[in-house]
Structures are given as C-alpha cells and as structure tokens.
Amino acid sequence: MTDDREPTMTGYDQARWIDGDEPRYEPLLSEKDETTVEVGGDDGPLPDDLTRDDLTLPELSEPELARHYTRLSQMNYGIESGPYPLGSCTMKYNPKFTEDVAALPGAAVHPDRPDGTLQGTLELMAHLQDYLARIGGMDEVSLQPPAGAAGEFVGILVAKAYHEHNDEGHRSEVIVPDSAHGTNFATAALAGYDVIEVPSAEDGRVDLDALEAAASEDTAAFMLTNPNTLGLFERNIEAVAEIVHGVGGLLYYDGANLNALLGRARPGDMGFDVMHYNVHKTFATPHGGGGPGAGPVGVVEKLAPFLPAPRVRERDDGFERFDPEYTIGKVHGFEGNWLVLVKAFAYIARLGDDGLRDASAKAVLNANYLAERIGYEVPHGPFHHEFVASAGDQDAADVAKRMLDYGVHPPTTKWPDIVSEALMTEPTEIESRDSLDDLAAAFEAVREEDDETLAAAPDRTTARRIDQTEAARNPRLSWHDLAD
Amino acid sequence: MTDRYHQAGGTPFAPHTEAETAAMLDAIGAESEVDLFDIPESVAFDGEFGIDARTEREIREECGRLFGENDDLVEFLGRNHHGHYVPSLVDHLADRQEFLTSYTQYQPEITQGFLQALFEYQSILAEVTGLGVPNASMYDAATALGEAATLAARLRQVDGTRVLVPELLCPGRRSVLDNYVAGTDLVVETYPTADANVDVDALADAADDDTVMIYAENPTVRGTIEEHLADIGRIADDAGALFCLGSDPVALAILEEPASVGADVVVGDASVLGMPTSYGMGLGLFVTREEFIRQVPGRLVGVSTDDAGNRAYTLTLQTREQHIRRERATSNICTNQAWVALRTAIHAAMLGASGLVDLAETCVREAEALAADLDSIDGIDAPIHDRHHFREFVARTDRRAAAVRDDLLEAGFAVHVVGDHEVQVCVTERTERRTDDLVAAFEEAAR
C-alpha cells in the first residue's frame, strides 16, 4: 500500500441533541402534541352513523415541523453524507437537476386522461422504453413495474404466460443459484413456481453440471444476475443459455448489477430472454430511504405480446397506449412510479453513450482500487463493480457497526453466504480516489481492532447498538404501543 | 463542456481526473479500464446505443417542451388517483438529501431519523384505522390489495379459495389482484352492488365457508359512502373470512373507523396526502390486526432500546422478509415507497387532526354541491346514486358520455367516462374554485 493514511474519525458525528451530558432525542410528534377533534355533529356534512366519533393526531405549526424533520434528517445518513458502499444497492449520487425535471408542472397529470391530451408524457415514456431496450439489448420494454422485485414478478409472469400459450403450462420450476438475491426466490414462489436452488461452483460462478442436472422439461426459467452477486462475470453464460434453452426454459436477467456492464455487454447479446432494470440503481434515481424505485422489464420479441398493459408506441398521428395481444394484465394500479421514470430518463440523457460506458468503467475501477487497499481478503475474482471480501475471524456485522464510528456507511454484510463473514462492497463510480482512500483506511483500522471493540461499536452515532431481540419479542409499531 | 472533473464524453458524476485514473490503474496493476472487464469476446458489446448526451440545461428544456405537449387541463379526475394540494413544506423537507438519497435502514444506528419518520407514518395509519399493525409501505393500493389476498391464503385455518370483490372495481386494481393470486389456488369472484354500494343481502348469499376474504371499499370507486360496513364485517366473520377494506387516510379522517366495523385489513392509497397528481404513482397503505403480525408483508419499523438504554427505532421481524426467508417470505417486496410515506406523514402532521377533518368534510361538501349544480342542467342527472359521496360522483348524460367528455376537453376540463351515458366527476379543495367554470362548460356540453 502506498499513501497510507490514518482514519481520522472526524467530520462525522451524528446529531444527538446533547442536553447537558444527556442525549436528548427528538421526541415523537405525538409527544409534542395530541389534538382530538370531534367528527360529525350538527355541523358535519354526513349523518353520524356514517362517521367516526373523533380523530386524534399531532397538530403542529409549520416552524415546529420544519425543525422536527430537519432534526430527523440530521440523524440520517445519505449519499451526500459520505461513502455509501452498500453492496448490491448501487448507491450513486442522485443528480439534483433530475428532481427539478420531475417537478415540472406539466409532469403532474392524471393517467385517465385520453392519449391525445398526454402526448408529452407518452413521448417521454416511448423514449425511455427505447433507451432501455438499447442499453439491455432487448426488443421491447414495459415501464410499469414499480420496483426491482415487481420487475422480477412481471418477468416470471411473462415467462409463465408464454409457456402456457405454447401449451407448456406443465413447467413448474424456476431455477435460482444459491448466490441470488432473496427476491428471486420469493418472486418465483409468488408466481406459483417450485424453486430449485443450484449451488455455485468453487470459483463462485454457475456450476454447469449442477445446472444441467437441475434443468428439465419442467424448467420454466433460470434467474441469473450477471455479473453475479460476487461481482464475477458468468464467463460461461453462452453455455448456461444453451442448457436452459435446450430444455425449453427461458433465461431471466436480474438487472441489479447492470452498472457493471453499461456499454460493455448487454443481456440480450448473452442469450437472456427477459430482464428487469433497477433504475434506482443503474440510473441514479434516489433510493428514498427504501423506495420508490422502478423496475422496467425488457424482453425479446417473442415475449413482447405478454408484457403488462398498457405500453406506449408511436403512430403516424402521435403516441398512444395499447394493450399487448396476450398481456398478463397489470402489476400496478396505473402505470408505475412515473416520477422515478422521468428522473431515469433525465439521467440517461445526461450521460449518453459515452457517459454510460464511462460510469461502468469508473465503477469497476473504483471497486478494484478499493479492494486492493482494504486489507481483508477477497476470495473471488476478477470482480467488476463490486466485490465480496471476507471478514475472516471477525464478525462481519460487528465490522459494519464499527465502520459507522469511522464515519462511513458499511458494506452489505453476511451475504452472499458462499463467502464466510461476507463484506459485500460496491463503491460506485462517484467516489474519488481520495474518498476511496478514506474508506480503505476505515476498513483497515477496523481490521486491526479486537472483537471486544467491535462488539461495543458503534459509539459515535445517534443510537448505540440496538437490541434487535427486544424489538422482535415485543413488537411496538406505533406510538399507541408506547403509551401502554 | 469540460472542466477538471468532467472530461469530454465521460460521466459528469464521477470525479476522476485523467491523472487520478492513471494512478489508480497503476495501483491495481492494470493497463487500462477495459482490462478490468472479464467479459468473453463473444458476448462483448462494441456497438453504440445511439443515445446523445445532453447538458443539464438542454434536458430541462427538452422535458419542459415535452410536458408542454400535454394539454393544459383542469382535471376533475379521481378513480383511485387523487391529487390534493401539497404544502411547500413537504417538498422542502422530504428533499433533504439525508432522506431522499438514503436507502433501507439496514444500519439503524445511523438512520434513526428516517426510522422515526416511518414509525410516525405507521402511527398515523394506526390512528385512522384503529388497527395495530401498519407496515412501512407497499407500492400502491392495488398491490396492497393483492398482498392482502395472499395474507388471507396464509392465514386460512382450513381449505378455502374464494376472494370476493365488488362488481364495481377499477379494472386495474382487479387485474393486479388477479396476478397476485395467480401463484395460489385462490379464485377471485365478484359480488353484486346496489346503487354502487355493497348489496349486503347478495353478499351474504355469496359468502360461504369456502370464502377467505371479502373486499369492500369506502368510499367506493364511484365515490359513494358505504352504509353497512358493520354488516359486511359480520358476514365476513360468519364465513370465517378476512374483511379487507379499501380506503385512504383523508376519507378515514371522518368515515367510520375500520376497526369498529370489523375490518381485519385496511389497504388503499396513502399518497392522497403528500403527493400531487403523479400519473398514478401512489403509496400502498397496509394495516392489519395484531394477531396477524408474523404474516404481514413488507417492512415494519419497531421500537427497542440501544446499549445506552435509550429508545431507538429499528426494522423488525425481518425474518418474514425475502432477504432472509427467501421462497418462504411473506412477500417478494424489497424496495418500497418509503419516501412517499415520509411525505404522507409530513403532510398529515401539517394538517393535524382539525385540518384533516376539514379537508375530508370539504371533499363531501364540494362533491354534493357540484352534483347539485350539474343536476340543475338540462340533460344531466347528478348524482345518479342515491348515496352520500366523497370527492366524486357519477352523472348521467342524455348525450353520449364520450361526446360530453370531448366537448369538456375542448373547454379545458377533464372528467371520466364510466358508461355510455355516464361520466364521473371528482372535486377536491384543489379544484373547488373552478367548479363554476366546469358547470358552465357542462351547460354547453350537455346539449
């Protein structure tokens, strides 16, 4: 290592609202005010038997609320607070101008208007469908799924409808590698499939023999992330496609790791039949503390008639919505998370071909540079935009808690479990070399510390280590439960 | 446009200078960025997408032009997507980067702020529904309904396959429900409605031991207020089925409390607070009873204590979720609508109990007043259902409804067509000042 630096532990003390020596946490809204209003009565517009008796809610002034939520925000770590290398989540900077584009007044329209009055909205959707198709090497795209898991659900429902259409409704199994995202398993089950898990090979990739053994005339689809959750490109992807297609199954691409491949490889060229895009990962729309995201689905031509309704297309006299011939119907009450899609469009337009290619190049560069400097072993490679290190003798969850004290967001931990004490790390392209050096110093410092120190961490955050058992044993989900 | 950090053609959102890139490659021991990719030649992509990069200013102009192509209409539209006025405070606070750019609270020690906000959101839902287990969000009302059906399937003690829904139900909501039960043995069937509300006698006849869930809405998709909720609750109880009620937090501010009429699950669109009209983007509210807590889909924020003995918030009961339970999870949902839930909580807190009740009463009064005004026009009957209404109502038009709709569009107003001679009109505090203009336009269009 060159340019070793000491972790500073400065610049990041979360707000704790110290009052004297005691931390004074931000009270709940209900602890600030509870106002009860009678409902109905002689002045009300409805007969009493149609109304409730009263309503009790906090009632605060605007300045009080501004302080409340500002304080809460100061007890929360965002991408602009510091590095956020949460593996598998692609925590990129969210460009500010995309927020302004989504806030343009003309974007706030109701979906039940006739197509002729919505030409701008439909045109933007048509462009985004087209962009995504090109980026993924797919023929057609649906923008409707409101998240990645919803995209998976659409993809598997489309596969199911396709098989049924071809009188192959007997196919009852979806194959998933052991290293896959939990959503893959859950989605296949939600769609009514038996989930067949295949173990990874020693090198962390798909075990072709295991896949061959699992694949059969009962196989509806094989769901795969590429590069996989270890960051490894599935070099045998063409052989994988041959096995799956050979038994009449479809190959599903989980788009969670697409940020590794922009402009370098496309799922459609690898033999994938259907894929979802996580626009809140790859295309930098904000994660919003858990959502909303969007999970558009791309398909090859033969699957297009089964996509959700409606889709958008251009005709001689403008843009229109239409229902694909054998559509699976809908997976969202309307047409998905529209404002998120606008932001994704703006981001893709900002980067263009060269910018997209560069984003992946820098994401891969950053992951490789960081891995070189963290001191923890990375058992599998060559990896791309993320790597999974092993915390070795240390507890990965404790490592993460201690990293909080060094002012950075830790990696995803203890998953995938084919690496023991996994530290799944994805710095994304937005980190500078300087910032990566800081991050590496934090890893390095924690690696040198003893178990006792780690177990006692964190101590510089808003809350100290939180008792998960207590939360689960006595679930209290609202302020009403605290009053008891 | 180039500067130190934005090299021509690169992403403007990566900070690397050429010198830094070279030094980093050197540290790794790689010749070039391309060498870092382990992609077989046969599947490598060396083509172009053909997407031109634009500047920030150009994209803002482009999108401004695109949205300018949307007709400038006053929307009297609802039917499961309602845009109330959202105070500026909501945008400014929710857009703080600590909220907007963070992700799921896997590290609760540094995300107490968002966790508390979600806990407060859950608390507001618990208050308006009277039920004890609210989750931290689903995608929208339709997917929340689908999740409720799968909850019913998991909870059933004995066999049972029927999910009963009203014959008047938004087709989109029905389609989503059908897809969510596609992987189960559940069958969705409709029961009759009477004057837009539940036909209670017909429902009692339809419900049997094989029924696992009965779904009803209040207000209904046609804006009518349900009058026999407690009876529906009893019918569900007698059948051993869950009573799932669809509503929203504005309506629930004044309408009968779901818990008091026997509702077991409440679903609906909570984004009526916090979000403007957004082309159907919503927030699925999902609240159920304490006894079902281990079977709930989605994330739950709970309370615990930290090592210093202080109250702390955390995601809890995660063993229900896909990242742990995989194919045996209660749902496949991961990314949800947390940021919209934050917005909903801020908006609700700003209105407070009295503001929320005022807003809800306005939705009743304005609908009633507008219906009466339209009813006075020759060629229009409004409302056609002899019920109380919330936000919206259906009117009968002597002319073909589509022709009336088109004439109204010409005059700058949008309404729904729901039958050959039926239009649906939705009015809230956002459009109340334009109702006189709408009535004038209807006078022309109704002829």
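Residues numbered from 1 in each chain as written. Chains lettered and ligands numbered in written order. Predicted model: local features only at pLDDT ≥ 70, side-chain atom pairs only at ≥ 80, totals over all residues.

1. Overview of the overall build of chain A
Next up, step 1: When its secondary structure is counted, chain A shows 16 helices and 16 strands.
Next up, step 2: For chain A, the C-alpha radius of gyration of 25 Å lies close to 23 Å, the compact-globule estimate for 484 residues.
Next up, step 3: In terms of overall dimensions, chain A has C-alpha extents of about 75 × 70 × 45 Å along its principal axes.
Next up, step 4: When each of the 484 residues of chain A is scored for burial, the buried share is 62%.
Next up, step 5: Taking the intrachain contacts of chain A between residues at least 6 apart in sequence as the baseline, contacts between residues at least 24 apart amount to 70%. (Helix = DSSP H or I, 4+ residues; strand = E, 2+ residues; numbered from the N terminus. Rg over C-alpha atoms; globule rule 2.2 N^0.38 Å. Buried ≥ 20, exposed ≤ 12 C-beta atoms within 10 Å, placed from the backbone. Contact = placed C-beta atoms within 7 Å.)

2. Side note on the pairing of strand β3 (residues 162-166) of chain B
Residue and element names in this part refer to chain B.
Next up, step 1: In terms of residue burial, β3 counts as a mostly covered element, since 5 of its 5 residues are buried.
Next up, step 2: Where β3 lies against strand β4 (residues 187-191), 5 bridges are found, and the strand directions are parallel. Residue pairing in the sheet places V165 in a bridge with T190 of β4.
Next up, step 3: Regarding the hand of the β-α-β motif, the stretch spanning β3, helix α7 (residues 171-180) and β4 is right-handed. (Pairing = 2+ DSSP bridges. Right-handed = clockwise from strand over helix to strand, strands pointing away.)

3. Examining the interface of chain B and chain A
Interfaces are often sized by the accessible area lost when the parts come together.
Next up, step 1: At the junction of the two partners, chain B supplies 158 residues and chain A supplies 165 residues.
Next up, step 2: Per-element accounting of the side of chain B that touches chain A gives the leading share, 17 residues, to helix α11 (residues 338-375) of chain B.
Next up, step 3: Here the residues of the side of chain B that touches chain A sort into 75 nonpolar, 50 polar and 33 charged. (Nonpolar A, V, L, I, M, F, W, Y, C, P; charged D, E, K, R; others polar.)

4. Points about unusual backbone geometry
Residue and element names in this part refer to chain A.
Next up, step 1: Cis geometry is adopted by the peptide bond preceding P292, which originates at G291 and carries an omega value of 5°.
Next up, step 2: Within the secondary structure, P292 sits in the loop between α10 (279-282) and β11 (297-299).
Next up, step 3: Along the chain, A457 connects to P458 via a cis peptide bond; the corresponding omega equals -5°.
Next up, step 4: Mapped onto the elements of the fold, P458 is located in the loop between α14 (451-456) and α15 (468-473).
Next up, step 5: Of note in this structure, E421 is not a glycine but carries a positive phi near 50°.
Next up, step 6: Within the element layout of this structure, E421 appears in the loop between β15 (412-413) and β16 (422-425).

5. As for helix α2 (residues 56-68) of chain B
Next up, step 1: The end-to-end C-alpha distance of α2(B) is 18 Å, a good match for the 18 Å that 13 residues give at a rise of 1.5 Å each.
Next up, step 2: Residues I59(B), C63(B), L66(B) and F67(B) constitute the buried set of α2(B). Seen from one end, α2(B) has its buried residues packed into an arc of 90°, which puts them on one side. Opposite its buried face, α2(B) presents the exposed residues R57(B), E61(B) and R65(B), each directed more than 90 degrees away.
Next up, step 3: On its buried face, α2(B) sits against α3 (96-102), α4 (119-136) and α11 (338-373) of chain A. (Expected span 1.5 Å × (residues − 1). Arc of directions from axis to C-beta.)

6. A look at the sheet that holds strand β8 (residues 219-225) of chain A
Residues and elements named next belong to chain A.
Next up, step 1: Sheet architecture is open: 7 strands sit in the order β5-β11-β10-β9-β8-β6-β7, paired in mixed fashion. A single partner strand is all that each edge strand has here, and the edge strands are β5 (140-142) and β7 (194-198). The average undirected angle you get between the axes of adjacent strands in this sheet is 25°.
Next up, step 2: The sheet strands contacting α4 are β5, β10 (274-277) and β11, and the helix crosses β5 at an angle near 125°.
Next up, step 3: Seen against the sheet, helix α6 (residues 182-190) touches β6 (173-177), β7, β8 and β9 (250-255) and runs at an angle of roughly 175° to β6. (Axes fitted to C-alpha atoms, helices over the stretch in contact; angles between N-to-C directions.)

7. What to know about the domain arrangement of chain B
Next up, step 1: By domain assignment, chain B separates into domain 1 (19-65), domain 2 (74-85 + 352-445) and domain 3 (88-345).
Next up, step 2: Its C-alpha centre places domain 1 of chain B at a distance of 42 Å from the equivalent point of domain 3 of chain B. (Domains from an automatic or database assignment.)

8. Things to note about the packing of helix α6 (residues 141-155) of chain B against α7(B)
Helix packing geometry: the angle between the two helix axes and the distance between the axes.
Residues and elements named next belong to chain B.
Next up, step 1: Look at α6 against α7: their axes get within 8 Å of each other, and the N-to-C directions meet at 35°. In the packing of α6 onto α7, the handedness of the crossing is right-handed. Note on element contacts: α7 touches α6 through G172, R173, V176, L177, N179 and Y180, opposite A141, A142, T143, L145, G146, E147, A149 and T150.
Next up, step 2: When its residues are assigned to classes, the contact of α6 with α7 shows 7 nonpolar, 5 polar and 2 charged. (Left-handed = near helix turned anticlockwise from the far one by under 90°.)

9. A short note on the confidence of the model for chain B
Next up, step 1: On average, residues of chain B score 96 in pLDDT, and 98% of them are at 70 or above.
Next up, step 2: Predicted as a complex, the structure gets a pTM of 0.97 and an ipTM equal to 0.97. (pLDDT = per-residue confidence, 0-100.)

10. Some thoughts on the nonpolar core
Next up, step 1: One finds V158(A), Y252(A), A149(B), M213(B), I214(B) and L356(B) to be the most contacted residues of the largest nonpolar core, which totals 307 residues.
Next up, step 2: Residues in contact with A149(B), not counting those within four places in the same chain, are V163(B), L177(B), Y180(B), V181(B), L186(B) and M213(B). (Core = buried A, V, L, I, M, F, W, Y, C linked by C-beta atoms within 7 Å.)

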